[in-house]
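Examination of the molecular architecture
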Amino acid sequence: MSSFSLSADNPLFALYAVHATLLVFKMFLVVVLTARQRFAKKVFANPEDAKGRSAKVKLDDPDVERVRRAHLNDLENIPAFLFVSFLYVATNPNLALATTLFRAFTAARILHTFVYAVKPLPQPARGLAFFVGLGTTIYMAVQVLIHFW
Amino acid sequence: MSSFSLSADNPLFALYAVHATLLVFKMFLVVVLTARQRFAKKVFANPEDAKGRSAKVKLDDPDVERVRRAHLNDLENIPAFLFVSFLYVATNPNLALATTLFRAFTAARILHTFVYAVKPLPQPARGLAFFVGLGTTIYMAVQVLIHFW
Amino acid sequence: MSSFSLSADNPLFALYAVHATLLVFKMFLVVVLTARQRFAKKVFANPEDAKGRSAKVKLDDPDVERVRRAHLNDLENIPAFLFVSFLYVATNPNLALATTLFRAFTAARILHTFVYAVKPLPQPARGLAFFVGLGTTIYMAVQVLIHFW
């Protein structure tokens, strides 16, 4: 078995690199969404942030906390995917299947952020987005275990 | 020095791949534990989750928050280990020693989740599990610094 | 294009390995800072931790929560950097530029922890440290997208 090459010549690694970067950008977008809520509602977590803005320190504003939960959910799911999918591409999977899985995960996480923190929608919108992301990661993780055990 | 090979032919990389995947599965288990507590106590974080379940929105239920702290502790320790241990295997360590360290970390984190979020035990049970995981990671991190500095 | 080598012979990978490890150590430092606040103020999150210390269970102590927010901010930024900068070194960048970027990010995150959790300073101290870290990561992420797309 040949070693996995970490270069743009390897379409599987290029696929990983592009989607990993897009997912990091998506996570940073939540930073912008949090800031937007904090400035709109004039609610900050630290006295030094509130100072001079006629804002207040408050740790339980529902709109801010909603965005922070969306961010925490990203932290629970996106790094896990980035580790597992790196190992998955090292199993030398079919490129078309891998492309579909990376796109599905990325789309699901963008949708998750949208229905959680941009425009709250009734369930099961968020649940579906969450489970598509989780399911994709679990499928890849099982393939990694089968290949490397 | 030869380059580190990202294939199943390299027993150190296979060791990494298997344990990284098991640790991701362990983190996902906490998602199940959180859901179990939320449904058992009918306590949800979002109005759209509580709707139609005769459940309430509550952000400070002690049993739910305990599981969420276990999850956050995973996020503080498991990704750090996955980065450091990847670099550690790139230092070409002794396979038997590396195997022991990976098993110790994985067992410690499974135990940590158990005593934190499944069946709370008196200290120092959780403290010991936490420090075995932290100590393993710090040992590997020191070896990485010695090798690559 | 030659493959990226995961060995100490590759100065870009050595640069990555050293800074990644230093950043993990920095994150672990926040664990010490949290413990210091908890023991100083005798405020714990779990009954089993408070037991026998004449301490109390409290989830909203402002000094403890400040350190925990510093930790969460690390989790939102440092793993993202470690994924993106690994991909960035795989684009075979100029070594001097890469060294500057790694040092800037690492220094910014150390400063961020200091002004957030050790000695709170007025804004924009923390904001500047945060944006230097974010900006460095975004620059690298853009280079990765250009290279691998």
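Read on for an overview of the structure. (Residues numbered from 1 in each chain as written. Chains lettered and ligands numbered in written order. Predicted model: local features only at pLDDT ≥ 70, side-chain atom pairs only at ≥ 80, totals over all residues. Heavy atoms only, no water.)

Overview of the interface of chain C and chain A
Every contact between the two is made by 33 residues of chain C and, on the other side, 31 residues of chain A. Interface area, chain C with chain A, both sides summed: about 2,700 Å², of which 73% is carbon and sulfur. Taken together, chain C and chain A are joined by three salt bridges. E48 of chain A is the partner of R126 of chain C in a salt bridge, and the nearest nitrogen-oxygen pair spans 3.4 Å. For the pair chain C and chain A, the number of links is eight residue pairs in polar contact (both at pLDDT 80 or more). Contributing elements (two or more residues each) for the side of chain C that touches chain A: α3 (62-89) and α5 (125-148) of chain C. For the side of chain C that touches chain A, a count of residues per class yields 23 nonpolar, six polar and four charged. (Contact = heavy atoms within 4.5 Å. Buried area = accessible area lost by both parts, 1.4 Å probe. Salt bridge = Lys/Arg side-chain N within 4 Å of Asp/Glu carboxyl O. Polar contact = N/O pair within 3.5 Å; in protein donor to acceptor, adjacent residues only side chain to side chain. Helix = DSSP H or I, 4+ residues; strand = E, 2+ residues; numbered from the N terminus. Nonpolar A, V, L, I, M, F, W, Y, C, P; charged D, E, K, R; others polar.)

Overview of the relation of the copies chain B and chain A
With an RMSD of 0.0 Å, chain B superimposes on chain A once it is rotated by 120° and translated 0.0 Å along the axis. Such a combination of turn and shift is consistent with a three-fold rotation axis. (Least-squares fit on C-alpha atoms with pLDDT ≥ 70 in both.)

What about the layout of surface pockets?
Each pocket or cavity is described by its volume, and for the largest pocket that value is around 980 Å³. Here the lining of the largest pocket is composed, by residue class, of eight nonpolar, one polar and 16 charged. (1 Å grid on protein atoms, 1.4 Å probe; cavity = no way out; pocket = protein on both sides within 12 Å on 5 of 7 lines; lining within 4 Å. Points joined across faces, edges and corners; volume = space filled by probe spheres on them.)

Quick look at the interface of chain B and chain A
At the junction of the two partners, chain B supplies 31 residues and chain A supplies 33 residues. Across the chain B to chain A interface the summed buried area is about 2,700 Å²; carbon plus sulfur atoms make up 74%. Counting the surface chain B buries against chain A, the share from its top three residues, L6, F28 and E48 of chain B, is 22%. There are three salt bridges connecting chain B and chain A. Close ionic contact of R66 of chain A with E48 of chain B constitutes a salt bridge, the shortest N to O distance being 2.8 Å. Across the contact surface, chain B and chain A share eight residue pairs in polar contact (both at pLDDT 80 or more). Within the residue set of the side of chain B that touches chain A, elements represented by two or more residues are α1 (11-41), α2 (47-50) and α3 (62-89) of chain B. When residues of the side of chain B that touches chain A are assigned to their parent elements, the largest contribution, twelve residues, is made by α1 of chain B. When the residues that make up the side of chain B that touches chain A are grouped by side-chain class, the tally is 22 nonpolar, five polar and four charged.

Overview of the packing of α3 of chain B against helix α4 (residues 95-118) of chain B
All names here are of chain B. Remark: α3 packs on α4, axes separated minimally by 10 Å, with the N-to-C direction vectors making an angle of 175°. Judged by the inter-axis angle, α3 sits roughly antiparallel to α4. On the side of α3, the interface is formed by R66, V67, R69, A70, N73, D74, N77, I78, F81, S85, Y88 and V89, while α4 contributes L97, A98, L101, F102, F105, R109, H112, T113, Y116 and A117. Split into classes, the residues belonging to the contact of α3 with α4 amount to 13 nonpolar, five polar and four charged. (Axes fitted to C-alpha atoms, helices over the stretch in contact; angles between N-to-C directions. Parallel < 35°, antiparallel > 145°, perpendicular 65-115°, else oblique.)

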